[in-house]
Amino acid sequence: MSFKFNPNAADDRKFVSKAGTYEAVVQSAKQDYLPPRADLYAKVTFLTSDGEIAFGDLFAKPDKNGGHERLEQFLAATATDEEIKGYVAGGELEVDESFLATVMSRAVGRRLKIRVTERKYQKKDGSEIGRAHV
């Protein structure tokens, strides 16, 4: 079996372009540090049932309200009943590299609903553009 290589295959991907709620599967997750403060985070790639891609970020540091709301939502949406029991029994969870790596590795391939919103960004020339954001 053979195929003709398309060097622009990565550019041919379809991205979620409008706000809404989508059925998706966690396609991949990559852990890294965000400069300049070296904040630990995970970049999650979602693949919708329509074959569109969306990205979301989950941070190890607490949200503005002092909690981990987005991380908790992700955990609840991707965890099995047994995993949820383990989180509850564990009491307070320490969000570090090891914990985030474990959560991300077990989430790949699991289905969930994602809510995509639109954010406005200002370009250097002063014009605005809208981008979909999970």
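Nothing here was measured: the structure is a model prediction, and the numbers come from that model. (Residues numbered from 1 in each chain as written. Predicted model: local features only at pLDDT ≥ 70, side-chain atom pairs only at ≥ 80, totals over all residues. Heavy atoms only, no water.)

Caption draft 1: Representation of the overall build of the chain in the model. A count of helices and strands for the chain gives three helices and five strands. The principal-axis extent of the C-alpha atoms belonging to the chain is close to 50 × 50 × 30 Å. Taking all 134 residues of the chain together, the buried fraction comes to 28%. Expressed as a percentage of contacts within the chain between residues at least 6 apart in sequence, the contacts between residues at least 24 apart total 50%. (Helix = DSSP H or I, 4+ residues; strand = E, 2+ residues; numbered from the N terminus. Buried < 20%, exposed > 50% of the residue type's maximum accessible area, 1.4 Å probe, protein only. Contact = heavy atoms within 4.5 Å.)

Caption draft 2: Main features of the packing of helix 1 (residues 69-78) against helix 3 (residues 97-107). As a packed pair, helix 1 and helix 3 sit with axes 10 Å apart at the nearest point and diverge in direction by 40°. In terms of orientation, helix 1 and helix 3 fall into the oblique class. Once helix 1 is placed against helix 3, the crossing between them reads as left-handed. In contact with Leu71, Phe74, Leu75 and Thr78 of helix 1, helix 3 contributes Phe99, Leu100, Val103, Met104, Arg106 and Ala107. (Axes fitted to C-alpha atoms, helices over the stretch in contact; angles between N-to-C directions. Parallel < 35°, antiparallel > 145°, perpendicular 65-115°, else oblique. Left-handed = near helix turned anticlockwise from the far one by under 90°.)

Caption draft 3: Local environment of the pairing of strand 3 (residues 53-59). Strand direction decides the pairing type here: strand 2 (residues 39-48) and strand 3, joined by seven bridges, are antiparallel. The residue of strand 3 that forms the bridge with valine 44 is glycine 56. The turn joining strand 2 and strand 3, which pair antiparallel and follow one another in sequence, is formed by four residues; a positive phi near 85° is taken by glycine 51. (Pairing = 2+ DSSP bridges.)

Caption draft 4: Main features of the pattern of salt bridges. In the structure shown here, the tally under the stated rule is four salt bridges. Here glutamate 23 makes a salt bridge to lysine 113, at a shortest N to O gap of 3.9 Å. Here glutamate 23, found in strand 1 (residues 20-34), pairs with lysine 113, found in strand 4 (residues 111-122); they are 90 residues apart in sequence, far enough to count as distant. For glutamate 23, a relative accessible area of 40% translates into the label partly exposed. The salt bridge partner of lysine 61 is aspartate 39, with a shortest N-O separation of 3.5 Å. Taken as a pair, lysine 61 in the loop between strand 3 and helix 1 and aspartate 39 in strand 2 lie far apart in primary sequence, 22 residues in all. On the basis of relative accessible area, aspartate 39 is assigned to the buried category, the value being 13%. What you see here is one network of salt bridges that share partners, running through Glu83, Arg106 and Arg110. (Salt bridge = Lys/Arg side-chain N within 4 Å of Asp/Glu carboxyl O.)

Geometric descriptors of this kind do not, in isolation, establish any biological role.
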